[in-house]
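Secondary and tertiary structure notes
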Amino acid sequence: MSARTGRIKVLIVDDSAVVRQVLATRLRASADIEVIGTVSDPVFAMEHMNREWPDVVVLDIEMPRMDGLTFLKKIMDLRPTPVVICSTLTRRGAETTLEALAAGAAAVIAKPESGLKKFLEDESADIVAAVRAAAATNASRLRRPAAVPAYTAAPPASRTATTPVVRDTDRIVAMGTSTGGTQALEVVLPRLAPGCPGVVLVQHMPAKFTAAFAERLDAMCRVRVREARDGDPVLPGQVLVAPGGRHMELRRPDTYRVRVFDGPPVNRHCPSVDVLFRSVAKVAGRNAVGVIMTGMGDDGARGLLEMRRAGAFTVAQDEATCVVHGMPREAVALGAVDRESPLGSIAEVIHHHG
């Protein structure tokens, strides 16, 4: 933040004059945010940053002269800085955004292909919240640590042979994460063994992005990962990711299944980690493991407490490895956590208690 004003210094980089104008107006309306510049492409942005480095960059993905993804990687190489990505709600936009999140972007603003000005005006509160969340991140943790080894995904035939497809399991793992979670999950999930208990997962992410996110994770994991559909069974060796814009909860009419449904935001989020965790507490009780990871705010903290009170073993990512320690910190403060664990050890904890 600016030492002189105590405000969050923001640089807006977008080739649309309308976007630059509306974003700047909305952000400047917040007393704790100072827009230090608006530029049309990354080349101009770097010139500005050489004079004054921002606390947060709001960055479009598709721009002339240098695309946003290339510029993001350049920023992370020079001086890791929180970046909020603006991306269109398209399949190509989703895939590029996931690359940006893996490269260290802190948050995403999903823009529609039409009605952009109205969208930016209507969603100004969420945009301001994204900038504040980005400013709260631990910039040194934005990039995935090079020292963390990744598993090579098993061929589909191998995974099919080792993964039961008709039975559920009494044991289940529920996970919730937000800011920094996309990078964190790329560390934890590839370490899960094919026979691990079924996993239900909420990652705060815009609608239409989670399917591509699940496919990306599936390609790097030994377990199967896919976006959840209403009524899906929870199976060993499989991770079900809550769709963006819809809540997910656990049910057990006969076997563990997920209910995916529309509903108002809870703790300002849809899907909400609390919605999932509370349902797991009621349905699975002591047969569950709850994991809360990096993220802004407190979504999931109260639900994790309900899980612990129901007999589940609960884990929180430790502060040293979080991009934002908000959600885990709130869970610890409530007494909802049995064990704090560094990112690289969470999979091991799941295997031990799952």
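Residues numbered from 1 in each chain as written. Predicted model: local features only at pLDDT ≥ 70, side-chain atom pairs only at ≥ 80, totals over all residues. Heavy atoms only, no water.

1. Re the side chain of Thr 182
Inspection of the secondary structure puts Thr 182 in helix H8 (residues 181-188). Filtering out sequence-adjacent residues up to four positions away, Thr 182 remains in contact with Leu 101, Gln 203, Met 205 and Phe 213. (Helix = DSSP H or I, 4+ residues; strand = E, 2+ residues; numbered from the N terminus. Contact = heavy atoms within 4.5 Å.)

2. Overview of the packing of helix H1 (residues 17-28) against helix H6 (residues 124-135)
Two elements in contact, H1 and H6, have axes whose closest approach is 10 Å; the angle formed by their N-to-C orientations is 75 degrees. Between H1 and H6, the crossing angle belongs to the class labelled roughly perpendicular. Touching Leu 23, Arg 26 and Leu 27 of H1 are Ser 124, Ile 127, Val 128 and Val 131, all from H6. Taken together, the residues that form the contact of H1 with H6 break down as five nonpolar, one polar and one charged. (Axes fitted to C-alpha atoms, helices over the stretch in contact; angles between N-to-C directions. Parallel < 35°, antiparallel > 145°, perpendicular 65-115°, else oblique. Nonpolar A, V, L, I, M, F, W, Y, C, P; charged D, E, K, R; others polar.)

3. Looking at the pattern of salt bridges
Here the structure, examined in full by the defined rule, presents 15 salt bridges. For Glu 186, the salt bridge identified is with Arg 216, shortest N-O distance 2.7 Å. Of this pair, Glu 186 sits in helix H8 while Arg 216 sits in helix H9 (residues 210-220), and the two are 30 residues apart along the sequence. A salt bridge links Arg 251 to Glu 249, with the nearest nitrogen and oxygen atoms 2.8 Å apart. Take Arg 251: its relative accessible area is 38%, and that puts it in the partly exposed class. Classification of Glu 249 as buried rests on a relative accessible area of 13%. When salt bridges with common partners are traced through the structure, they connect Arg 226, Arg 229 and Asp 232 into a single cluster. (Salt bridge = Lys/Arg side-chain N within 4 Å of Asp/Glu carboxyl O. Buried < 20%, exposed > 50% of the residue type's maximum accessible area, 1.4 Å probe, protein only.)

4. A look at the sheet that holds strand S3 (residues 56-60)
Strand order in this open sheet of five strands is S2-S1-S3-S4-S5, and the pairing throughout is parallel. Looking at which strands have only one partner, the edges of the open sheet turn out to be strand S2 (33-39) and strand S5 (107-111). The sheet shows a mean angle of 20 degrees between the axes of neighbouring strands, direction not considered. Sheet analysis places strand S1 (residues 8-13) next to S2, joined by six bridges and oriented parallel. When the sheet's bridge partners are listed, Ile 8 is paired in S2 with Ile 33. Docked against the sheet, helix H3 (residues 68-78) engages S3 and strand S4 (83-88), running at close to 155 degrees with respect to S3. (Pairing = 2+ DSSP bridges.)

5. Considerations on unusual backbone geometry
Glycine aside, the phi torsion of most residues is negative, and most peptide linkages are trans. Looking along the chain, the bond that leaves Cys 270 and enters Pro 271 is cis, with omega of 10 degrees. Relative to the helices and strands, Pro 271 is located in the loop between strand S11 (257-261) and helix H10 (273-283). One non-glycine residue, Lys 208, adopts positive backbone phi at about 80 degrees. Along the polypeptide, Lys 208 turns up in the loop between strand S7 (198-203) and H9. On the basis of relative accessible area, Lys 208 is assigned to the exposed category, the value being 61%.

Keep in mind these values describe shape, not function.
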